[in-house]
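Chain and residue survey
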Amino acid sequence: MMHLPSLDRRKLLQLAAASASSLWLARSARSEQRFAGNPFGLGVASGSPTHDSIVLWTRLVPPDGSQSLGKEAVTVRWELAHDEQFARVARGGQAQALAELAHSVHVEVAGLEPDRWYFYRFMAGDAVSAIGRTRTFPAPDAAAQKLRLAYASCQRWDHGYFSAYRHMREENLDAVLFLGDYIYEYQSAANAVRVPTGGWVLTLDDYRQRYALHRSEPELQAMHAACPWLVTWDDHEVQNDYAGLVSGVNGPPVPDFASRRAAAYQAFYEHMPVRASALTKAVAGLASGAEVRLYSQQRFGRLANIVMLDDRQYRDAQVCNPSGRLGSASVHPAACPAWDDPARTLLGAAQEQWLDAVFARSGPGWTVLGQQTLFGRRVTKAAAGDLFWNDGWDGYGAARTRLTQSMQRHKLANPVLLGGDVHENWVGHVKADYTRPDSAALGVEFCGTSMTSRSGNPQKIVDGLAQNPHFVFGDSQKGYGVVEFTPARLTTTLRVVDDVTRRDMKISTLRSFVVEAGRPRIEAA
Ligand SMILES: [Fe+2]
């Protein structure tokens, strides 16, 4: 049975804003509640950094492994310090972990110094959390010299262990960009490496349990504690192939998809270090939920502008699935009148306009676009005619052209697209016209492989590279990418693991690529 979120949107927003404020006056909170063990079993996280603020996250769960801490709020104290011993505390306060938000805590610490590393921890009763490490970004006008990001996506629990994060911790990163499919809503695969608790993820409680399961992984937890994350989502945080308020087709039918989406969005908020303000915009017609505003930009000095996009929440539905159903499929555009319809959108009109304005003011540094999926055109030549995947940018060609035209109109200096979704590494040039090999390269693209999720036939990568010359490299091994930006160049290193079915998986470098600033041409490092 569908379990609707118990709060209306207005109440949820009030609670989220209030619980994030250190000025909260204790309600009925059991401020000195004592726990029989450590309620911080899901760890700590930080995210959404600016030059002077950061979000600190935790969620309290029963130490005995039961599902709920009950209906009462819990007062959580927090400290942010310059040192790991907390001898020099920079900020501190208390927040309320509310039952309505699964006893999650989102503290927004403001007024911090730019370009600084900090340590933080939470306390409730006599329990103390693990210590997290986080940082602010350089001031927008500062001449930052180096930025190191990792990008990762697609971590299906039953396809493998998350131990690549143990290696990611050694990468000396300033931030992690997570680009979608943090959880999957599926029941376990038949040939599972390990079986997730619960079956199909449909209700608010189901989504909460699936996120909690992921955060029980020590290596994922430790990576969240190591540096700030910037996050977006793809489809599996709700349902495979969903588009805006249009349901996908996988799994048991749910009568009210808007309510399911609202439940999924709420659970995402409860488990991610995002700002309470992400919840503050309403979507007309969404009866039992809210827009969660994930698209954002954040400057890392003059060196880079990190732009996070959301290509799931506002998109039009996929078109021309040959089965006649909704959802993703390989499509022959020749038999699809809607394929090039300029009215169709992947980002939605508001986000498109916002992005155009971002490009207009982007300046000379790197513009890093963290988004969900493969950007470049990828045709599959078949006897019956050209085939394209309708769920990615290829299925929204007019929207892709509007984006590349916006880049050109504003002479965007150094665009770098990062992506996920396809469970394979794809490295290529962003083209003014993908159908003409001689057209200008506007930027570069590094679409990342999956952390664990399985991929298809490797021969398709070989064929895809041969048929789409704007791509220079493709590979299906699992792992993540690291990009180091300096004013002169970026260096991308594809890091892959040998076996996701083993916790003691080893990491190695698959390839490294260099792009000089002002010259969108990918070279081998
Ligand atoms: Fe995925």
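Structure shown above.
The present account deals with the structure reproduced in this document.

Parameters at a glance
- Residues numbered from 1 in each chain as written.
- Predicted model: local features only at pLDDT ≥ 70, side-chain atom pairs only at ≥ 80, totals over all residues.
- Heavy atoms only, no water.
- Core = buried A, V, L, I, M, F, W, Y, C linked by side-chain atoms within 4.5 Å.
- Buried < 20%, exposed > 50% of the residue type's maximum accessible area, 1.4 Å probe, protein only.
- Helix = DSSP H or I, 4+ residues; strand = E, 2+ residues; numbered from the N terminus.
- Contact = heavy atoms within 4.5 Å.
- Donors = N, O, S within 2.8 Å, 3.2 Å for Na, K, Ca; no water.
- Tetrahedral: all angles 85-135°; square planar, octahedral: opposite > 155°, others 65-115°.
- Salt bridge = Lys/Arg side-chain N within 4 Å of Asp/Glu carboxyl O.

Focus on the nonpolar core
Tyr165, Met168, Leu173, Tyr182, Met223 and Trp229 are the most contacted members of the largest nonpolar core, which totals 50 residues. Elements represented by at least two residues in this core include exactly strand 9 (147-152), helix 2 (164-168), strand 10 (175-179), helix 3 (204-215), helix 4 (218-226), strand 11 (229-232), helix 5 (257-271) and strand 21 (479-485). It is helix 5 that contributes the most residues to this core, seven residues altogether. Residues within four places of Met168 in sequence aside, it is in contact with Ala150, Ala152, Leu173, Val176, Met223 and Tyr480.

Observations concerning the coordination of the iron ion
Any two of four tetrahedral donors ideally make an angle of 109.5 degrees at the metal, while pairs among six octahedral donors ideally make 90 or 180 degrees. At the metal site, the iron ion is ligated by Cys154 (SG), Asp181 (OD), Tyr184 (OH) and His423 (NE2), and these contacts range over 2.1 to 2.6 Å. In this structure, the iron ion is surrounded by four donor atoms whose angles at the metal cover 83 to 168°, and the resulting shape is irregular. Taken in chain order, the donor set of the iron ion reads C-x26-D-x2-Y-x238-H. Here the residue Cys154 occupies a position in the loop between strand 9 and helix 2, and Asp181 occupies one in the loop between strand 10 and helix 3, the gap between them amounting to 27 residues. Taken individually, Cys154 and Asp181 each receive the classification buried, so the pair is uniform in this respect.

A short note on the pattern of salt bridges
A complete count under the given rule lists 30 salt bridges for this structure. Note that Asp115 and Arg135 form a salt bridge whose closest N and O atoms lie 2.4 Å from each other. You can see Asp115 sitting in the loop between strand 5 (104-109) and strand 6 (117-124) and its partner Arg135 sitting in strand 8 (residues 132-135), a full 20 residues away along the chain. Take Arg135: its relative accessible area is 5%, and that puts it in the buried class. For Glu484, the salt bridge identified is with Arg148, shortest N-O distance 2.7 Å. Here Arg148 lies in strand 9 and Glu484 lies in strand 21, a separation of 336 residues in the sequence. By relative accessible area, which is 22% here, Glu484 ends up partly exposed. For Arg148, a relative accessible area of 17% gives the class buried. The network of salt bridges with shared partners includes Asp234, Asp235, Asp311, Arg312, Arg315 and Asp391.

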